[in-house]
Amino acid sequence: MPTKAALAHIPGPPALPLVGHTFAIARDSYGTQAEYIRRYGEVYKTNMLGVWRVNLCGADALERVLLDRTGLFSSEGGWDALARIYPGGLLLQDFEHHRANRRIMQAAFRAEAIRDYRLRMTGAMTELLDRWPDGEAFCFYKAIKALTLRLGGAVFMGLPLDGPLAQQVNRAIQDEIRASITPIRQAIPFTPMWRGVRGRDFLREAFRKLIPERRAHGGDDFFSRMCAATDENGQGWDEDQILDQFNLLIMAAHDTTATSLSVMIEALASHPEWQDRLAQEVASLGDRPLDEDALGQMRQTNNVFREALRLVPPVPFIPRRATRDFDWQGYRIPAGTSLSLNPGVTMLSETYFTNPTAFDPDRFAPDRAEDQRHKFAWSPFGGGAHKCIGMHFATLQVKLFVATLLRSRRVRLAGARPEWQRMPIPKPKGGLQVILDRI
Ligand code: HEM
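In this text the structure is predicted, and so the values were computed from the model without any measurement.

What counts as what
Residues numbered from 1 in each chain as written. Predicted model: local features only at pLDDT ≥ 70, side-chain atom pairs only at ≥ 80, totals over all residues. Heavy atoms only, no water. Near = heavy atom within 4 Å. Polar contact = N/O pair within 3.5 Å; in protein donor to acceptor, adjacent residues only side chain to side chain. Helix = DSSP H or I, 4+ residues; strand = E, 2+ residues; numbered from the N terminus. Nonpolar A, V, L, I, M, F, W, Y, C, P; charged D, E, K, R; others polar. Core = buried A, V, L, I, M, F, W, Y, C linked by side-chain atoms within 4.5 Å. Buried < 20%, exposed > 50% of the residue type's maximum accessible area, 1.4 Å probe, protein only. Contact = heavy atoms within 4.5 Å. Donors = N, O, S within 2.8 Å, 3.2 Å for Na, K, Ca; no water. Salt bridge = Lys/Arg side-chain N within 4 Å of Asp/Glu carboxyl O.

Chemist: Explain the site of the ligand to me, please; I cannot follow it from the model alone.
Modeler: Lining the immediate surroundings of the ligand are 27 residues, of which His98, Arg102, Arg320, His386 and Cys388 lie closest. One nitrogen or oxygen atom from the side chain of histidine 98 is found 2.7 Å from an oxygen atom belonging to the ligand. Contributing elements (two or more residues each) for the shell around the ligand: α5 (95-106), α11 (239-270), β5 (318-322) and α16 (391-408). Considering each element in turn, the shell around the ligand owes the most residues, five residues, to α11. Partitioning the shell around the ligand into residue classes produces 19 nonpolar, six polar and two charged.

As structure tokens, this is what we get:
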């Protein structure tokens, strides 16, 4: 990794000893970045927890890096902080090796597989939502995290909703996620990293035992599909590869969807006119099953989802590492440099969006199409070789949730609108207190 001296020609704010810019960025990551861009331009260096990083800001940088086809930018090197807990997952692979594994993973995302997940999810969602209280305040963020984890147990793993294994699995997944963002990277006993490593080992062993049966009898959940998945040449995964890929998949799917649903619910509760619009859209579907066609008609809901992802993207930074020296905006950036792309700040830029901090889902309507101003103006799912493989599944899950909820209830805030913490994982500060009313 290049030293500070090797990056001396790249501008950046003065750094505190040891901690660098960690506290400033953790305190107000978007405000701090916007200020650094204003002072130093779209290429500047920062130091987070002792590691120097060059920030490449804006939609052009996203396009340049994510669409590179010459092996210049490593995802494995960028996401190295995840390597301990999620070794061997797609994000921790590069280039031809990654492409080969992504082709196999794609089998678990084919249309007929998605149809099976939707069917599984529809019943489970109705059952879980029915358990939420009416007319009394509760923390939506906590409840949606619990709901998506349980749903994940059913849809991703084929486990019964309330079975004991599902509960242990959920705990282990939470421990892994906490470990992936903890600043203390050693597995010292009783620290988050130690719990995360134990969680990872527990999950591997629990799922290893299921592989022979799933291979023999199949199933309509993600895990069973991954056990059977092959590329077009019939090439599949061995046990360790299945476990590595599955482990990263459930992490990638979980917090991201729970965060965007929280942002959407906060927005619907704070903008009743939008809640009415979505309720009308859902009512226009009548009592018909929420199949592909019905969900395809939920265009307003889709625009609210897109706006939620723009305002509070679950993945606001995308890291990479340069494998060779390269030039960008007049700077030579040496091989080995950690790079940070910032879709979060880009999506709040006036360059691409009108009145960018306002909640205005109509900006995605065909007559305005603000997201079309640049290929990477709106990029919450990344782009290029590592573009989110679960994007359509996430959209399906969000629409199913909104339709199921608004068919029988309306939501209002039970308190002030929360502020959003942006780092290390976006979440509403103090939860998100809401009340559901039956209609
Ligand atoms: C709102 C929800 C979601 C958001 C905002 C999101 C965002 C992202 C982003 C930005 C990336 C690319 C990261 C990079 O290039 O470094 C990514 C990759 C990925 N996502 Fe998602 N994601 C979401 C939901 C899901 C779901 C539901 C699944 C699984 C069903 C999933 C599975 C994955 C996987 C496996 C990758 C790695 C792909 C690869 O490296 O080839 N994501 N996601």
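Resuming the write-up.
Chemist: I keep staring at the nonpolar core and nothing clicks. Help me out?
Modeler: Where a protein is soluble and globular, its nonpolar side chains tend to be buried together. Leu56, Trp132, Phe246 and Phe401 are the most contacted members of the largest nonpolar core, which has 127 residues in total. With 15 residues, the top contributor of residues to this core is α11. In this view, leucine 56 contacts Glu42, Val43, Ala61, Val65, Phe326, Trp328, Ile333, Leu339, Ser340, Leu341 and Asn342; residues no more than four positions away in its chain are not counted. Ranked by size, the runner-up nonpolar core spans six residues in total, among them Ile25, Tyr44, Met48 and Cys57.

Chemist: Could you clarify how one ought to interpret the coordination of the iron atom of the ligand in this entry?
Modeler: Each donor-metal-donor angle in an ideal tetrahedron of four donors is 109.5 degrees, and each such angle in an ideal octahedron of six donors is either 90 or 180 degrees. Looking at the iron atom of the ligand, one finds just one donor atom contributed by the protein, Cys388 (SG), at 2.3 Å. Within the secondary structure, cysteine 388 sits in the loop between α15 (343-346) and α16.

Chemist: What should I look at first to understand the pattern of salt bridges in this one?
Modeler: Note that side chains of opposite charge can pair when their charged atoms are close. Within this structure, the stated rule accounts for 39 salt bridges. In this structure, glutamate 35 and arginine 39 form a salt bridge, with 3.0 Å as the shortest nitrogen-oxygen distance. In this pair, glutamate 35 and arginine 39 are both assigned in helix α2 (residues 29-40), four residues apart and thus about one turn of the helix distant. Accessibility expressed as a relative area gives 26% for glutamate 35, which makes it partly exposed. Residue classification places arginine 39 among the partly exposed positions, given a relative accessible area of 45%.

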